[in-house]
Amino acid sequence: MSSSRERIFATLRAGLKDTVNDPARPRAVAERIASHPRNLLPQRAQKPHAEQVALFTAKVEALTVTVDRVSSTSDVPGKISDYLARHNLPSRLRVSPDPLLQNLPWDQRPMLQVEYGGGRSQDLVSVTPAFAAIAETGTLMLHSSSTTPTTLHFVPDHHIVVLKSSQVTGTMEEAFQRLRDKLGSVENWPRTVNFVTGPSRTADIEGVPVLGAHGPRRLHIVLIENGAETQQG
């Protein structure tokens, strides 16, 4: 196995006219990681924050994502309960053990059965936070951690994301900068950063769109209007 691996790498290096011990390459990689240069930033996302939130909402709704906007965290359990009723779903939720979600007033909706932990095959509905939301493309930025299991993003059929409006950024580059600011050096970064744009869908087989091929069939966002204060992550 090891010799095959080395042969493959040697062939690639020879094709690139590179050598194993070229000191310039690791230096170049280290410098790029340290400077993390940005790509061009699209003008359509360079807006005041309120307009970025509106752009994000319009983008996700165009992708068949549903959005409920609320004025405070106390409204979140009610909106989630309403979502379950609209789709004739059981009142059992699998929820990220994240402080934002654990501190929600779930007791206002005593019929809801809230369980914390990673996603399982029998779970129909998950509730998670997001790290950031990208207005440019209507994309959610989700990362793995002990309080945000990645399985909750992909296993259940229905994924509900609780998001603060202050977490909306203009571009992907800005979202990554928030992650750098929060976690610092790359040694502290999560194992997985996922970008989710709408419900899971594919048209690979005979060009027929299929929902739920790689993840949830439905994506719903409860957006808490908290202005542009410091972002929760």
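Our structure's up above, just so we're on the same page.
Residues numbered from 1 in each chain as written. Predicted model: local features only at pLDDT ≥ 70, side-chain atom pairs only at ≥ 80, totals over all residues. Heavy atoms only, no water.

Caption draft 1: Fine view of the overall build of the chain. Helix and strand counts for the chain come out as 7 helices and 12 strands. The proportion of buried residues among the 233 residues of the chain is 40%. Considering only contacts in the chain between residues 6 or more positions apart, those separated by 24 or more positions represent 73%. When the accessible surface of the chain is summed, it comes to about 12,900 Å², and 54% of that surface belongs to carbon and sulfur atoms. (Helix = DSSP H or I, 4+ residues; strand = E, 2+ residues; numbered from the N terminus. Buried < 20%, exposed > 50% of the residue type's maximum accessible area, 1.4 Å probe, protein only. Contact = heavy atoms within 4.5 Å. Areas by Shrake-Rupley, 256 points an atom, 1.4 Å probe, with all protein chains shown as cover.)

Caption draft 2: Highlighting the environment of Arg218. Positionally, Arg218 belongs in strand β12 (residues 218-224). In contact with Arg218, other than residues within four places in its own chain, are Tyr83, His87, Asp157, His158, His159 and Pro199.

Caption draft 3: Structural view of the side chain of Asp123. Residue placement: Asp123 occurs in the loop between β3 (113-116) and β4 (125-129). There is a polar contact of 2.7 Å between the side chain of Asp123 and the backbone nitrogen of Arg120. In this structure Asp123 touches Arg94, Gly118, Pro156 and Asp157, once residues within four positions along its chain are discounted. (Polar contact = N/O pair within 3.5 Å; in protein donor to acceptor, adjacent residues only side chain to side chain.)

Caption draft 4: The arrangement of helix α7 (residues 172-183) in detail. Helix length check: α7, at 12 residues, gives a terminal C-alpha distance of 17 Å against a target of 16 Å (1.5 Å per residue), a fit within 8%. Buried within α7 we find Glu173, Ala175, Leu179 and Leu183. Taken end-on, α7 shows its buried residues confined to a sector of 160°, consistent with a single buried face. Elements in contact with the buried residues of α7: β5 (132-134), β6 (139-143), β8 (168-169) and β9 (193-196). (Expected span 1.5 Å × (residues − 1). Arc of directions from axis to C-beta.)

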